[in-house]
Amino acid sequence: MENDLVRLQEIAEKLISSCYCPYSEFHVAAVIEDTNGKLHFGVNVENSSYGLAICAERSALFKAVSEGIRDFRRILVYSPDDLPIPCGACRQVLAEFCREDFQIVVVGPEETRTFTLVQLLPHRFKICP
Ligand code: ZN
């Protein structure tokens, strides 16, 4: 069963208080929906060694993959601070598990934009064709 996008956004808004982003102060929460309609959540978690931070998108995806989930329908990425377009690392990691028509819904304080994975990463790196 597919969830209502409003529901995904409401969950993401509640998750914002769990963000750990004392360095960037850029709060981001992500809700990823698998093909069975189950929702998996994540927030950005920063570190004083900046390179060790993890984005909300990968946080949510890794939690789901750790539970054995491999098929995903879409992800909603939300920030009250600015439009949270996924970074290159997250695009590549999403491409490992998601089809090209996987939907990425990005919600900022002033606008919502929807992309497919192939729009954001048209030439993904793959070992196998
Ligand atoms: Zn990222």
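Because the structure is predicted, anything quoted here is derived from the model rather than measured.

Account for the packing of aromatic side chains, naming residues and giving values.
All chains considered together, the criterion is met by one aromatic pair. Arranged with centres 5.5 Å apart and planes meeting at 45°, the rings of Tyr 23 and Tyr 50 form a pair that is tilted. A residue pair is termed long-range when its members are at least 10 positions apart, and Tyr 23 in the loop between α1 (5-15) and β1 (29-34) and Tyr 50 in the loop between β2 (39-43) and α2 (56-66) qualify at 27 residues. Taking relative accessible area as the criterion, Tyr 23 reaches 38% and is therefore assigned partly exposed. A relative accessible area of 60% means that Tyr 50 is categorised as exposed.

Outline the sheet that holds strand β5 (residues 112-116), listing residues and values.
Taken together, five strands build an open sheet; the order of strands is β2-β1-β3-β4-β5 and the sheet is mixed. Of all strands in the sheet, those bounded by a partner on one side alone are β2 and β5. Here the average twist between neighbouring strands, direction ignored, is 15°. Sitting on the sheet, α2 is in contact with β1, β2 and β3 (72-78), with an inclination near 140° to β2.

So what's going on with the pairing of β5? Residues and values would help.
Of the pairings in the sheet, the one linking strand β4 (residues 103-107) to β5 comprises five bridges and is antiparallel in character. Counted as the bridge partner of Val 107 is Thr 112 from β5. Between β4 and the antiparallel strand that follows it, β5, lie four residues.

Tell me about the pattern of salt bridges, residues and numbers included.
Following the criterion strictly, the structure yields four salt bridges and no others. Here Glu 67 and Lys 38 are joined by a salt bridge, their closest N and O atoms 3.4 Å apart. With Glu 67 in the loop between α2 and β3 and Lys 38 in the loop between β1 and β2, the pair connects residues that are 29 residues apart, well separated along the chain. With its nearest N and O atoms 3.1 Å apart, the salt bridge here joins Asp 101 to Arg 99. Connected through salt bridges with shared partners, the residues Glu 33, Arg 73 and Arg 74 form a single ionic network.

Here is what the cut-offs are and how they apply
- Residues numbered from 1 in each chain as written.
- Predicted model: local features only at pLDDT ≥ 70, side-chain atom pairs only at ≥ 80, totals over all residues.
- Heavy atoms only, no water.
- Phe/Tyr/Trp six-rings, centres within 6.5 Å; stacked < 30°, edge-to-face > 60°.
- Helix = DSSP H or I, 4+ residues; strand = E, 2+ residues; numbered from the N terminus.
- Buried < 20%, exposed > 50% of the residue type's maximum accessible area, 1.4 Å probe, protein only.
- Pairing = 2+ DSSP bridges.
- Axes fitted to C-alpha atoms, helices over the stretch in contact; angles between N-to-C directions.
- Contact = heavy atoms within 4.5 Å.
- Salt bridge = Lys/Arg side-chain N within 4 Å of Asp/Glu carboxyl O.

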